[in-house]
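Survey of secondary and tertiary structure
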Amino acid sequence: MSKFLITGGAGFLGASLIDYLLKETNHEIVSLERPSRQSKFHDNNRVKVVYHDLCDPIEDDQIKNATDIEYIIHFASRTDVGTSIENPESFVINNVLGTTHLLEFARKRTTQLKQLLYFSTAEIFGRPPIEEVLDEDSPLEAHSPYAATKIGAQEMCLSYKNTFNLPVVIAYVMNTFGPLQPQEKYVPLVVKKIIRGEKVAIHLNKNASAPNRRNYLYVDDLCDAILFLNTHATVGEKYVVASPEESDNLKIAQIVASLLDEELNYELVKQKRNSLALPRLSGNKLHELGWRPKKTLKEGLEEFIKHERENT
């Protein structure tokens, strides 16, 4: 049994990971959550919920027995690109300073830490040509304050590895979907619109030659990848967590319609000028290390639809 500290425990990825750990392991869990969020885990005796905003340092008495923490999974950040353009300073405070406060906690308060896994974003790689697939070593090119702050936070993590020997690992993830995902995201939105018989907007790539292509990953597979990285990753290395199965947004909508046994009503929509479409990332490095998703795209969508039907 190990002890995990998960930041952003009330968010989609954080809460999904906690659910997965509760289901698949006997690990002890500390969930760090913003005071403004209502935790779904406050009645679970395996989860210690700590309400704290990382914009402020973590006080010594906030997380008891911190020396026992072996793994820190750092999801917490502000993520909205549009808001970052309107208010860049808050993203610097939340993402860069917030990460630094967590690093200081890890450096000063933990004695058994085996890994601090920082989750970055595909946004940091900018807008390469649509035919190009990037990897962990591709050049960084921020096209928004959000992306710049994620680069800054990533570099702070690596600096603590180089300066203080903190066992930092960097991970990139994109297009994860699952039951706790906000309803405005693509997969939940498509499911909802098809059920209601509404038209689905399928966005084209920036050349308007075909629908956007993506590597969608079911959230349980991301959680499985995290446990794999905990035991197989090399300190200081970077890993893309992505499915080898690439698809486009139209195909995803068609699969969803088929699983729902409903007709798909859609329209192809050109990208807005200066829109920030995510680049495509290759997960080959992690695949070669031995990890692959357990669910196909269709199986993940089927699982998601089953959950939506059972809980609506």
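None of these values were measured; they are calculated from a predicted model.

Examining empty space enclosed by the protein
Gaps between atoms show up when a probe of the same size as a water molecule is rolled over them. Tallying each qualifying case throughout the model produces two cavities of 30 Å³ or more. Estimated volume of the second largest cavity: approximately 30 Å³. Class assignment for the residues of the lining of the second largest cavity results in five nonpolar, two polar and one charged.

Brief notes about helix α3 (residues 88-109)
For an α-helix, 3.6 residues make a turn, and residues three or four places apart therefore share a direction. Here α3 is 22 residues long and its end C-alpha atoms lie 30 Å apart, about the 32 Å a rise of 1.5 Å per residue gives. At Leu-97, α3 shows its strongest bend, of approximately 25°.

Looking at the pattern of salt bridges
Taken as a whole and assessed by the stated rule, the structure comprises 15 salt bridges. For the salt bridge of Glu-104 with Lys-108, the shortest nitrogen-to-oxygen distance reads 3.1 Å. Residue Glu-104 and its partner Lys-108 are both found in helix α3; the two are separated by four residues, about one turn of the helix. Overall, Lys-108 belongs to the exposed group, its relative accessible area being 57%. Residue Arg-280 is joined to Glu-246 by a salt bridge in which the shortest nitrogen-to-oxygen separation is 2.9 Å.

Considering the packing of aromatic side chains
Describing an aromatic ring pair means giving the distance of the ring centres and the angle of the ring planes. As enumerated under the stated definition, the model contains nine aromatic pairs in all. Between the aromatic rings of Phe-177 and Phe-304, the centroid separation amounts to 6.4 Å while the plane-to-plane angle is 85°, which identifies the pairing as edge-to-face. In this pair, Phe-177 is assigned in strand β8 (residues 176-177) and Phe-304 in helix α9 (residues 297-310), connecting sequence segments 127 residues apart. Aromatic ring contacts, followed pair by pair, group Phe-177, Tyr-186, Tyr-216, Tyr-218 and Phe-304 into a single cluster. Residue placement shows Arg-107 over the ring face of Phe-164; its charged tip is 4.3 Å from the ring centre. When the ring centre of Tyr-239 is taken as reference, the NZ or CZ atom of Lys-285 above it lies at 4.7 Å.

Some thoughts on the sheet that holds strand β2 (residues 28-33)
Taking strand neighbours across the sheet as the criterion, the seven strands line up as β3-β2-β1-β4-β5-β7-β12 in an open arrangement whose pairing is parallel. Two strands close off the open sheet at either side, each with one partner strand: β3 (47-51) and β12 (238-241). Strand after strand, the sheet turns through a mean of 20° between neighbouring axes, direction not considered. As defined by bridge partners, strand β1 (residues 3-7) adjoins β2 across five bridges and the pair is classed as parallel. Paired with Phe-4 across the bridge in β2 is Ile-29. In the packing of helix α1 (residues 12-24) onto the sheet, contacts are made with β1, β2, β3, β4 (71-74) and β7 (168-173), and the angle to β1 comes to roughly 160°. Across the sheet, helix α4 (residues 145-164) touches β5 (115-121), β7 and β12, and the angle it forms with β5 is around 160°.

A look at the packing of α1 against helix α6 (residues 219-232)
Viewed as axis vectors pointing N to C, α1 and α6 meet at an angle of 70°, and their least axial separation amounts to 9 Å. When the axis of α1 is compared with that of α6, the two are roughly perpendicular. Residue-level contacts link Phe-12, Leu-13, Ser-16, Leu-17, Tyr-20, Leu-21 and Lys-23 of α1 to Val-219, Asp-220, Leu-222, Cys-223, Asp-224, Ile-226 and Leu-227 of α6. A per-class count over the contact of α1 with α6 returns 10 nonpolar, one polar and three charged.

Regarding α6
In this model α6 runs 20 Å from its N-terminal to its C-terminal C-alpha over 14 residues, within 8% of the 20 Å that 1.5 Å per residue would give. Extensive coverage of α6 is indicated by the burial of 10 of its 14 residues. The complete set of buried residues in α6 reads Val-219, Asp-221, Leu-222, Cys-223, Asp-224, Ala-225, Ile-226, Phe-228, Leu-229 and Asn-230.

About the cut-offs
- Residues numbered from 1 in each chain as written.
- Predicted model: local features only at pLDDT ≥ 70, side-chain atom pairs only at ≥ 80, totals over all residues.
- Heavy atoms only, no water.
- 1 Å grid on protein atoms, 1.4 Å probe; cavity = no way out; pocket = protein on both sides within 12 Å on 5 of 7 lines; lining within 4 Å.
- Points joined across faces, edges and corners; volume = space filled by probe spheres on them.
- Nonpolar A, V, L, I, M, F, W, Y, C, P; charged D, E, K, R; others polar.
- Helix = DSSP H or I, 4+ residues; strand = E, 2+ residues; numbered from the N terminus.
- Expected span 1.5 Å × (residues − 1).
- Bend = angle between axes of the 7 residues up to and from the residue.
- Salt bridge = Lys/Arg side-chain N within 4 Å of Asp/Glu carboxyl O.
- Buried < 20%, exposed > 50% of the residue type's maximum accessible area, 1.4 Å probe, protein only.
- Phe/Tyr/Trp six-rings, centres within 6.5 Å; stacked < 30°, edge-to-face > 60°.
- Lys NZ or Arg CZ within 6 Å of the ring centre and 35° of its normal.
- Pairing = 2+ DSSP bridges.
- Axes fitted to C-alpha atoms, helices over the stretch in contact; angles between N-to-C directions.
- Contact = heavy atoms within 4.5 Å.
- Parallel < 35°, antiparallel > 145°, perpendicular 65-115°, else oblique.

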